[in-house]
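Architecture and fold: a report
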Amino acid sequence: MGYIKCIGTVIIYIGFFLAVITYLPGLPPIAEYSEYSIKSPPDVQHQIELKNRLRGAEVLFSGEIRGPEYFASYNGKLYTGIRGGYVVQIEEDRLIPIVKFGQKCDGLWQEEKCGRPLGLKFNDRGELFVADAYYGIFKVDVNTRQYINIVNNSIPIDGMIPRLVNSLDIAKNGDIYWTYSSSDFSLHNGLYSFLANPTGSLVRYNAKTKKNEILIKNLGFANGILLSDDESFVIVAECQASRIVKYHLKGPKVGQQEYFAEGLPGLPDNIHTDGQGGFLVSLILSIDSQHPALHQSLVPHPHVRKMLSRLLYLVEAPFKLLEDIYPNYYSEKVLHTVASLEFMAIFDTQKTSVILRMDKTGQILDALYSDDKKVHTICSAYIHNEYLWLGSPWNDCIMRIPLKQAFPDLTVNKQSSSTKRQEREEPLLTASDTPNVRVETKPTNAKPVIKQETITKSSPEPSVKVQTTQNINAASKPTTSKSTPQSATTTPKPASSTKEVKKNMSKEVKKDTSKETKKDASKEIKKDTSKEIKKDNSNSQTKSEISNKNNKATIKPENDSTKNTVRETQSAKSKSVEKKNDSPKK
């Protein structure tokens, strides 16, 4: 009996103690605890079909960084923010620090001092906007590494202080849509945010007036945000409530909000575009009816949530007192760890993250995971250079998966659109089947200059390749008393040339040799010295013969007796068409 009495006495004292810390007013942490409702996620296998496409992820920079949470790219370069306060550029073999907004700190346990870059986004001009959880929103020039503060998180907005700035997106007009997850707690005390009532918000920063406006209040740990392609709406992830909220910016529902998706099989974190008008949503922790999230199970029990919050605070209280009296490494480390969101990873028994691909209506098109327990606590899925890059707030590496493995449909659609674009840009005429004709516009008192060129290919049957230049503009350049003769050479017959091209070139040659002889020699044909014709090795004999003739050109008619004409030209000069330096011979 004495043993049972002792147990009962202990239970009574513990109950009394818990009742006091729960109902005694004024005890920290100061927050609101009341009942609210969320839609519980059903079994994953009954809602969506999970596809094992994240297996075998490539691990980069293992042990070199911590918490590469979000990605952004511009001009082919990829950037991310890491724990310690730095924004870095990611290359294949190294990380290049770009900027840091916080102060110099001794370690990651001084995160409030170091700063923590979360959301990143480039605008059309290549300016990088960064949401730092502790310092606000900054605009960065990645080339000069200069930055300016756009939003200071210490300034209240509608009476609420944005203590945990999280994510952002940039509209085409320069407005910034951004989220803060809590107005009560900072990031290193994020666990309190999940136990208290939601106090997150969606905010719009007006680029013209430089003012912030809250669009949606009381969001459950507002996290990732993304504008639609046409900017008709914006979606925001409520990590605490496993849902995504849609806010209309245009159309008949402008200014209204609705649920884009709810009852998701996990906690949604960051949102990226899939490049096809849809969205890639990362569920950092996977949950279902058999593996619920603890904080969601406690939503209908506000007093239990308040009690747990105050118990956590009582654990921290002695270390806070010690830190105030004698600052030291150990007390700082404990204060950083007890109420941090990283503590939630202990309850991730499945060790699985899910990546959802959703269309613009909120329908789930794909759901990816990995069964090797390697890809977990993933908060970002970003497409860059044919890879799906995976970020995490707690992992000490960056992971990536080939895009064709993760989302083969996106690869096919990308190749299809690229092929269509090439077909639209393909020229109607090609040099292999049509001569290039360039018309140079001259003054009104002069005639245009027309240059014709033909591109030939090797063929066993010889033919004539002629390059002519007609320059009749006497006003633009003075002429001499002597004219430079034409050059006509024998080359192999083009395999792909059309008969029409041959006829046109033959007519042009006849016109030059018959009609133009009646005109003034000072306005006659000039030789185009800017181009040289390369001869085939099979015509080396003909080439030497032409070079031995001074200012003479042999022109062969294009008919079946071409070979006979060549032999006659080589044996008898009287049967060839000769041009003298002063005037052509009739």
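About the criteria used
Residues numbered from 1 in each chain as written. Predicted model: local features only at pLDDT ≥ 70, side-chain atom pairs only at ≥ 80, totals over all residues. Heavy atoms only, no water. Helix = DSSP H or I, 4+ residues; strand = E, 2+ residues; numbered from the N terminus. Buried < 20%, exposed > 50% of the residue type's maximum accessible area, 1.4 Å probe, protein only. Contact = heavy atoms within 4.5 Å. Areas by Shrake-Rupley, 256 points an atom, 1.4 Å probe, with all protein chains shown as cover. UniProt positions renumbered as here; feature names shortened; annotations may be inferred. 1 Å grid on protein atoms, 1.4 Å probe; cavity = no way out; pocket = protein on both sides within 12 Å on 5 of 7 lines; lining within 4 Å. Points joined across faces, edges and corners; volume = space filled by probe spheres on them. Nonpolar A, V, L, I, M, F, W, Y, C, P; charged D, E, K, R; others polar. Pairing = 2+ DSSP bridges. Axes fitted to C-alpha atoms, helices over the stretch in contact; angles between N-to-C directions. Core = buried A, V, L, I, M, F, W, Y, C linked by side-chain atoms within 4.5 Å. Phe/Tyr/Trp six-rings, centres within 6.5 Å; stacked < 30°, edge-to-face > 60°. Lys NZ or Arg CZ within 6 Å of the ring centre and 35° of its normal. Patch = residues over 30% accessible without salt bridge, like charges linked within 9 Å, V, L, I, M, F, W, Y side chains within 5 Å. Salt bridge = Lys/Arg side-chain N within 4 Å of Asp/Glu carboxyl O. Parallel < 35°, antiparallel > 145°, perpendicular 65-115°, else oblique. Left-handed = near helix turned anticlockwise from the far one by under 90°. Polar contact = N/O pair within 3.5 Å; in protein donor to acceptor, adjacent residues only side chain to side chain.

Scanning the protein from N- to C-terminus turns up twelve helices and 30 strands. For the protein, the residues scored as buried account for 46% of the 586 residues in total. Excluding contacts between residues fewer than 6 apart, the proportion of contacts in the protein whose partners are at least 24 apart in sequence is 58%. Only carbon and sulfur atoms are counted for the fraction: they give 52% of the accessible area of the protein, which is about 31,200 Å².

Let us now look at the UniProt feature "transmembrane region" (unreviewed entry) in the protein. The positions that UniProt labels "transmembrane region" (unreviewed entry) are, in the present scheme, residues 7-26. The distance separating the terminal C-alpha atoms of residues 7-26 is 31 Å; by composition the span is 85% helix and 0% strand.

Let us now look at the layout of surface pockets. Its boundaries defined by the atoms lining it, the largest pocket holds a volume of some 1,200 Å³. In this structure, the largest pocket is lined by 48 residues; those nearest its centre are Lys121, Phe122, Asp124, Asp169 and Thr273. Going through the elements one at a time, strand S3 (71-74), strand S7 (117-122), strand S11 (165-170), strand S15 (222-227), strand S19 (266-273), strand S23 (380-384) and helix H9 (408-425) are the ones with two or more residues in the lining of the largest pocket. Among the elements that make up the lining of the largest pocket, the one with the highest residue count is S3 (four residues). Residue composition of the lining of the largest pocket, grouped by class: 20 nonpolar, 15 polar and 13 charged.

Another aspect to go through is the sheet that holds strand S17 (residues 243-248). Pairing in this open sheet of four strands is antiparallel, and the strands run S15-S16-S17-S18 from one edge to the other. Lying at the two open borders of the sheet, with one neighbouring strand each, are S15 and strand S18 (257-262). Between one strand axis and the next, the sheet turns by 25 degrees as a mean value, whatever way the strands run. Where S17 and S18 come together, five bridges link them in antiparallel fashion. Directly across from Tyr247, in S18, lies its bridge partner Gln257.

One open sheet accounts for four strands, arranged S2-S25-S24-S23; its pairing is antiparallel. For this open sheet the edge positions go to strand S2 (58-60) and S23, each flanked by a neighbour on one side alone. Adjacent strand axes in the sheet meet at a mean angle of 30 degrees, parallel and antiparallel pairs treated alike. Here strand S24 (residues 387-391) pairs with strand S25 (residues 398-402) via four bridges, running antiparallel.

Further remarks concern the nonpolar core. What tends to happen in soluble globular proteins is that the nonpolar side chains get buried as a cluster. Leu267 and Leu341 are the most contacted members of the largest nonpolar core, which totals 27 residues. Of all elements in the fold, only helix H4 (190-195) and strand S20 (279-286) reach the threshold of two or more residues within this core. It is H4 that provides the largest number of residues to this core, a total of four residues. The contacts of Leu267, once residues within four sequence positions are left out, are Cys239, Ser242, Ser282, Leu283, Ile284, Leu285, Ile287, His295, Gln296 and Met344.

Inspection of the entire model under this criterion finds 15 aromatic pairs. Grouped by ring-pair contacts, the aromatic residues Tyr74, Tyr79 and Phe122 constitute a single cluster. The residue whose ring lies beneath Lys246 is Phe233, and the NZ or CZ to ring-centre distance is 4.3 Å. The ring of Tyr387 has Arg400 lying over it, and the distance from NZ or CZ to the ring centre is 4.0 Å.

Another point: a nonpolar patch on the surface. Taken together, the side chains of Tyr3, Ile4, Ile7 and Ile11 present a nonpolar region at the surface, about 470 Å² in accessible area. Relative to the helices and strands, Tyr3 resides in helix H1 (residues 2-23). For Tyr3, a relative accessible area of 64% gives the class exposed.

Moving on, we come to the packing of helix H6 (residues 302-325) against helix H7 (residues 329-338). In helix packing, the relevant descriptors are the interaxial angle and the interaxial distance, both defined with respect to the helix axes. Axis separation between H6 and H7 bottoms out at 9 Å; the angle between their running directions is 155 degrees. The orientation of H6 relative to H7 falls into the category roughly antiparallel. Note that H6 runs across H7; the crossing there is left-handed. Together, Leu312, Val315, Glu316, Phe319, Lys320, Leu322 and Glu323 of H6 and Ser331, Glu332, Val334, Leu335 and Val338 of H7 make up the contact between the two elements. Considering only residue class, the contact of H6 with H7 consists of seven nonpolar, one polar and four charged.

Quick look at the environment of Phe17 now. With respect to the helices and strands, Phe17 occurs in helix H1. Those residues in contact with Phe17 that lie beyond four places of it in its chain are Leu311 and Leu314.

Glancing now at H7. Of the positions making up H7, those classed as buried are Ser331, Leu335, His336 and Val338. In the core, the buried residues of H7 are packed alongside helix H3 (111-114), H4 and H6. Two or three places before Tyr330, at the start of H7, stands the capping residue Asn328, its side-chain oxygen 3.1 Å from that residue's backbone nitrogen.

Taken as a whole and assessed by the stated rule, the structure comprises 18 salt bridges. Between Lys51 and Asp366 there is a salt bridge, and its shortest N-O distance comes to 2.6 Å. With Lys51 in strand S1 (residues 51-52) and Asp366 in strand S22 (residues 364-369), this pair connects stretches of sequence that are 315 residues apart. The class of Asp366 is buried, set by a relative accessible area of 4%. The salt bridge partner of Glu69 is Arg116, with a shortest N-O separation of 3.7 Å. Of this pair, Glu69 sits in the loop between S2 and S3 while Arg116 sits in the loop between H3 and S7; the two residues are 47 residues apart in sequence, bridging distant segments of the chain. You can call Glu69 buried: its relative accessible area is 7%. Connected through shared salt-bridge partners, Arg66, Glu69, Arg83, Glu111, Arg116 and Glu342 make up one network.

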